[in-house]
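Reading the structure
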Amino acid sequence: MCGIIGFTGSQNAAPILLDGLSRMEYRGYDSAGIAVLNRGAIEVEKAQGRLTNLLEKTDNGKRPQGFAGIGHTRWATHGAPNDINSHPHVSGDGRFAIVHNGIIENYAAIKEELTAKGHVFVSETDTEVAAHLIEECYTGDFKAAVMKAVSRLEGAYAFGIICSDFPGTVFAVRQAAPLIVGLGFGENYFASDVTALVSYTKNVIYLDDGEFAEVRTDGVTIYDSIGRPVEKPVSKIAWSIEAAEKGGYEHFMLKEIVEQPAAVKEAIAPRIKGGEIVLDDFDLTEEKLRNINKIVITACGSAYHAGCCGRYAIEKLTRIPVEVKLASEFRYEDPIVDEHTLMIIVSQSGETADTKAALEEGKRLGAEILAIVNVVGSSIARLADHVLYEWAGPEIAVATTKGFTTQLVLLYLFALYAAKKLDRVDDFEYARLLGEICSLPKRIQNAIDLNMVSIPRLAEKYHDRGSMFFIGRNTDYAVALEGSLKMKEISYIHAEAYAAGELKHGTIALIEEGTPVVAVCCNEDLLEKTASNILEVKARGAEVLALSFRENRDIIAHADDVMFVPKTETFFSEAVAVIPLQLLAYYVAKANGCDIDKPRNLAKSVTVE
Ligand code: F6R
């Protein structure tokens, strides 16, 4: 979704703003703009479409000149994505420029009030209202005007603001939208995302909701919601800029698929000490675990699918019932959650608005909250009682891959850890299963190696089909859900996942000559059952692309094509089985000439409801 950035220092701001915006492109956007303070006046440039349009307009950042400024990539909410609605927006008197990520819910009432006072609006956006409101509140004190205006706003927002009367200062405000302040030498920054700042500084301050940052050339002051200065810890970004670059790969998605063995290892290895799972990062004691009679996993999209997969391992090993809920539905369901519930909140970005709202609802109802999150310092990480970080490094492609597999392995680790604490697994089985989890990086590598050459050929065969089905049972069905989402979001092919046994209750009517059916057959206990479902669809003309291990002769004999993975313990098999499905979606999208890293209509971090 929208990305904002701000800079003040002694070098030209525009190139830094544009570079930061380019590093946030992956968040999703449809227009971009910058505003720079130039000798006491604000100059704005904005352009609809890709950042290259803005680069052209600004002569690659040579214009506008000036040492402080703000920038924005917009994912349209209020008003069409055009030059007028693009940010930055400027107050009527030209004194303030503002960029905004989020939604101001009460903007219409404020707009009416300001219109009655003579303010004239040029755009359809909620953001322009904030620019005029700051102007209305201004009596010569920048900070006071910002604070007064913000106290009137309802909704979720992160703002960056400049004022022509304060040439070396940029203001940032955070309320329920991500915002990070970067500390440099003689220059300082803020941005929605650390990827925008990491080539300039590794020292950052994570703002909390309601906080303001006065970012000056000579330092930064953070204020609480009533204007008192607050001391904030400075955190170090743990990864380098190379991690956020393509490193020779054609797309970030392919790079991130290939990075999975290392990412999964990084998520597992530091948490195994002396043959035991040690989760230093949380204190879910045995007593707390014994108090839990239900686990609710809540998430959106692929993170929800990670929950659907992880549920099997958690239930099997701990015998605690697990419900997996879509975060966007959760809080409207009058959920049955109390102090005996453990809620596991799964989110790569840690900023997904629906997931965060589900967390808040769970907290309100008294649940213990464990978050599985990739982005360090993100809102969800900070709101949860316990956090397991994925340590997957930056994920830039919109379609998640390593974010998903690292979520999965943390769910597996949690399952085994809890089973041990609850005495639901004996020492021998514990050691065996831990060995299985530790072998996942190797198996994932094996799954990549087995498919890297063959899947591009399969993609050539299947890329022009209008519709595909993905089937499987239990763990295989959970993987099928993720495989079908990957296929539709990046290749734009209609793809449905069905529990294999459910097809004959209606959906099988859609199978006709040549319909591709991807059959996931990695759950050893259910191979024969899925084999019958393969025969059912084949009898109706389907072309079956099976996903299984070499030992599974039966399914290989029935299928038209096969993608192989190494045989893996059933409850951890999803992390391996998903690999060929990611590769299949990638190469089908490539064969169809799709914009793989930035699929249409999608944003990386969905910060609106
Ligand atoms: C799909 C995808 C999305 C995300 C979803 C949740 O490839 O990436 O479905 O999984 O938007 O995002 P996070 O995990 O950031 O909460």
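Residues numbered from 1 in each chain as written. Predicted model: local features only at pLDDT ≥ 70, side-chain atom pairs only at ≥ 80, totals over all residues. Heavy atoms only, no water.

Some thoughts on the packing of aromatic side chains
So the rule is basically this: Two aromatic rings, drawn from Phe, Tyr or Trp (for Trp, its six-membered ring), form a pair once their centres lie within 6.5 Å of each other, and the interplanar angle then sorts them: stacked below 30 degrees, edge-to-face above 60, tilted otherwise. Secondary structure counts use DSSP, requiring at least four H or I residues in a row for a helix and at least two E residues in a row for a strand, with both numbered from the N terminus. Buried, partly exposed and exposed residues are distinguished by accessible area as a fraction of the type maximum, computed with a 1.4 Å probe on protein chains only: under 20%, between the cut-offs, and over 50%, respectively.
Applying the stated criterion to the full structure yields 9 aromatic pairs. Both rings, one in Phe7 and one in Tyr189, keep their centres 5.6 Å apart while their planes meet at 45°; by these two values the pair is tilted. Of the two residues, Phe7 is situated in strand E1 (residues 3–8) and Tyr189 in strand E10 (residues 188–191); the sequence distance between them amounts to 182 residues. The same class applies to Phe7 as to Tyr189, namely buried.

What about the domain arrangement of the chain?
For the record, the criterion: Here the bounds of each domain stem from an automatic or database domain assignment.
Domain annotation of the chain identifies domain 1 (3–237), domain 2 (242–438) and domain 3 (444–595). For domain 1 versus domain 3, the distance between C-alpha centres works out to 45 Å.

Some thoughts on the sheet that holds strand E12 (residues 212–216)
Our working rule: At least two DSSP bridges between two strands are needed for those strands to be called paired. In what follows, residue pairs with any heavy atoms lying within 4.5 Å of each other are defined as contacts. Every axis corresponds to a line fitted to the C-alpha atoms, with the helix fit spanning only the stretch in contact, and the corresponding angles, defined between N-to-C directions, vary from 0 to 180 degrees.
Ordered by their spatial adjacency, 6 strands build an open sheet running E5-E6-E7-E8-E12-E13, and the pairing between neighbours is antiparallel. Among the strands making up the open sheet, the edge pair consists of strand E5 (89–90) and strand E13 (219–223). Here strand E6 (residues 96–104) pairs with strand E7 (residues 155–163) via 9 bridges, running antiparallel. Across the sheet, the residue bridging to Val99 is Gly160, located in E7. Packing of helix H4 (residues 127–137) onto the sheet brings it into contact with E5, E6 and E7, and relative to E6 it is tilted by some 130°.

Looking at the sheet that holds strand E23 (residues 494–499)
Strand order in this open sheet of 5 strands is E23-E22-E24-E25-E26, and the pairing throughout is parallel. Single-partner strands in this sheet number two, and they are E23 and strand E26 (561–564). In this sheet, neighbouring strand axes are inclined to one another by 20° on average, regardless of whether the strands run parallel or antiparallel. Sheet topology note: the strand E22 (residues 467–472)/strand E24 (residues 516–520) ladder contains 3 bridges and is parallel.

Considerations on the side chain of Thr352
Counted only if it meets this: As used in this structure description, the phrase polar contact means that two N or O atoms lie within 3.5 Å; if the pair is within protein, one of them must be able to donate a hydrogen and the other to accept it, and residues adjacent in sequence are counted only when both atoms belong to side chains.
On the secondary structure map, Thr352 appears in the loop between strand E19 (341–347) and helix H11 (353–364). Within the structure, the side chain of Thr352 is placed 3.4 Å from the side chain of Ser349, a separation counted as a polar contact. Those residues in contact with Thr352, other than ones at most four positions away along the chain, are Cys300, Ser347, Ile380 and Val606.

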